[in-house]
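As a plain string of letters, each chain reads:
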Amino acid sequence: MNETDTPAAGDTPDAIDAYLDALLARLTVRPERVRRIITESEDHLREAAAAGMARGLDVVEAQRDAIEAFGAPSVVARRFAAEEGVLLPPSLLLHLVLAMALMGSVGFAAIGVSGLVAQGMGSIFGVRFVSGDHNGVTYTPARCADFQKYYPGTCEEAATAHHFDEMVDSRITAGVLGLLGLGVLFAIRRSFPRGSGVRLLPSTFTPTVGAALFGIAAAGMLLQSLAQLSVAGGIPGEEAGVGAVLSAGIVSLIVFVGYATALVRRLRAA
Amino acid sequence: MNNDVIRGHLDLLLLAVVASGAGHGYAVIRALRERSDDAFDLPEGTIYPALHRLEQQGLVVSSWTVAEGRRRRVYRLSGVGQRALVDGQRDWRAFARSVDAVLEGAR
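Report follows, based on the coordinates. (Residues numbered from 1 in each chain as written. Chains lettered and ligands numbered in written order. Predicted model: local features only at pLDDT ≥ 70, side-chain atom pairs only at ≥ 80, totals over all residues. Heavy atoms only, no water.)

1. Some points on the interface of chain B and chain A
Consideration 1: Taken together, the 23 residues of chain B in the interface contact 20 residues of chain A.
Consideration 2: Interface of chain B and chain A: buried area, both sides summed, is about 2,000 Å²; carbon and sulfur atoms make up 53% of it.
Consideration 3: If you sort the residues of chain B by the area they bury against chain A, Tyr26(B), His52(B) and Arg70(B) come out on top, with a joint share of 27%.
Consideration 4: Inspection of the chain B/chain A interface yields four salt bridges.
Consideration 5: Close ionic contact of Arg72(B) with Asp43(A) constitutes a salt bridge, the shortest N to O distance being 2.9 Å.
Consideration 6: Mapped onto the side of chain B that touches chain A, the elements with two or more residues apiece are helix H3 (25-35), helix H4 (47-56), strand E2 (60-67) and strand E3 (70-77) of chain B.
Consideration 7: A per-class count over the side of chain B that touches chain A returns eight nonpolar, seven polar and eight charged. (Contact = heavy atoms within 4.5 Å. Buried area = accessible area lost by both parts, 1.4 Å probe. Salt bridge = Lys/Arg side-chain N within 4 Å of Asp/Glu carboxyl O. Helix = DSSP H or I, 4+ residues; strand = E, 2+ residues; numbered from the N terminus. Nonpolar A, V, L, I, M, F, W, Y, C, P; charged D, E, K, R; others polar.)

Following this line, the structure appears as structure tokens:
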């Protein structure tokens, strides 16, 4: 059993209650069966603990022995689930969905930040660095006219300005959605204060997955940017558009560092 | 003893224990352990799903009672369960004889 699976056996005056709470959280059987299972389990554990006390154990030792002999909550719940053909407990599924929603919201917020970074790059290095087309890209006269209807300059300048605004706007919109998602998750968290429920996922789950995803994204985008910049060193115009990927890579790297730091802290605390 | 081996025969073992007399889950599990000289040492909580399955199959029946101030589910063998137990005992003895015969030949 790992720390998330272990009830507070022996740590509380009534470890059996804690065990039953943990078992209840993991049961995936039909609702009408849950009450019977909990009632039978409690009867068994109380009688086993009483037998232990009759052998001379104190209440804490007797309850701990009874719980250990009964089996880990996850093992017992899985056995019941196997009888009904249920593989993933709904409670665990809910925790997984919330964890993925958190990472998704962080991802969307990061996209928003990358939009701001891209905007900054556009101000410093020019919009062509962020959203310019690669050499050889051409547009039809009708498409050029579309661009030039809203942006001044040549067709290439108008297209670049159009791409820049479109990219920054869409990224910032994604960022706003991410912040909204984080707000909703924060409200849910406030409704269920820390420690009020049984933790079904390891505390390292979110930072591990987050660090892996954002680490891979950061590495890929930064390497692509560096490769494009190194090529651009010899070929004028090749650096066009590199800022779009570079800005996303920089923000991914920052999020990766945040998740990696959280992961190290939680591993040290474990 | 390997738990997988025990689980392969758990239904028959539980029928045999319940056939000795009606009892609640704790008593059934203790009897299983004692009659096997502690050889059958499964996590006790994992026996209940097997008892429930036997009940769904109509091999045992159960009912609520109250003991020591707690509700308690008591299991007893059904007529179908009694016949299944007899069949299971016969099959097991035939199987055990066959296994013994093969193992004896290895000496």
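From this point, the narrative continues.
2. A few points about the state of the cysteines
Residue and element names in this part refer to chain A.
Consideration 1: Per the counting criterion, the structure on display carries one disulfide over all chains.
Consideration 2: The disulfide partner of Cys144 is Cys155, and the gap between their sulfur atoms is 1.8 Å. Its S-S torsion of about -80° marks the bond between Cys144 and Cys155 as left-handed, since a negative value means left-handed. Residue Cys144 is located in helix H7 (residues 141-150), and its partner Cys155 is located in helix H8 (residues 155-191); the two are separated by eleven residues in the primary sequence.
Consideration 3: A relative accessible area of 11% places Cys144 in the buried class. (Disulfide = S-S within 2.5 Å. Buried < 20%, exposed > 50% of the residue type's maximum accessible area, 1.4 Å probe, protein only.)

3. Regarding the packing of helix H2 (residues 10-19) of chain B against H4(B)
Residues and elements named next belong to chain B.
Consideration 1: Where H2 meets H4, the axes come as close as 10 Å, and the angle between the chain directions of the two elements is 80°. Accordingly, the angle class assigned to the pair H2 and H4 is roughly perpendicular. For the pair formed by H2 and H4, the contact residues are Leu10, Asp11, Leu14, Leu15 and Val18 on the first element and Ile47, Ala50, Leu51, Arg53 and Leu54 on the second.
Consideration 2: Grouping the amino acids of the contact of H2 with H4 by side-chain chemistry returns eight nonpolar, no polar and two charged. (Axes fitted to C-alpha atoms, helices over the stretch in contact; angles between N-to-C directions. Parallel < 35°, antiparallel > 145°, perpendicular 65-115°, else oblique.)

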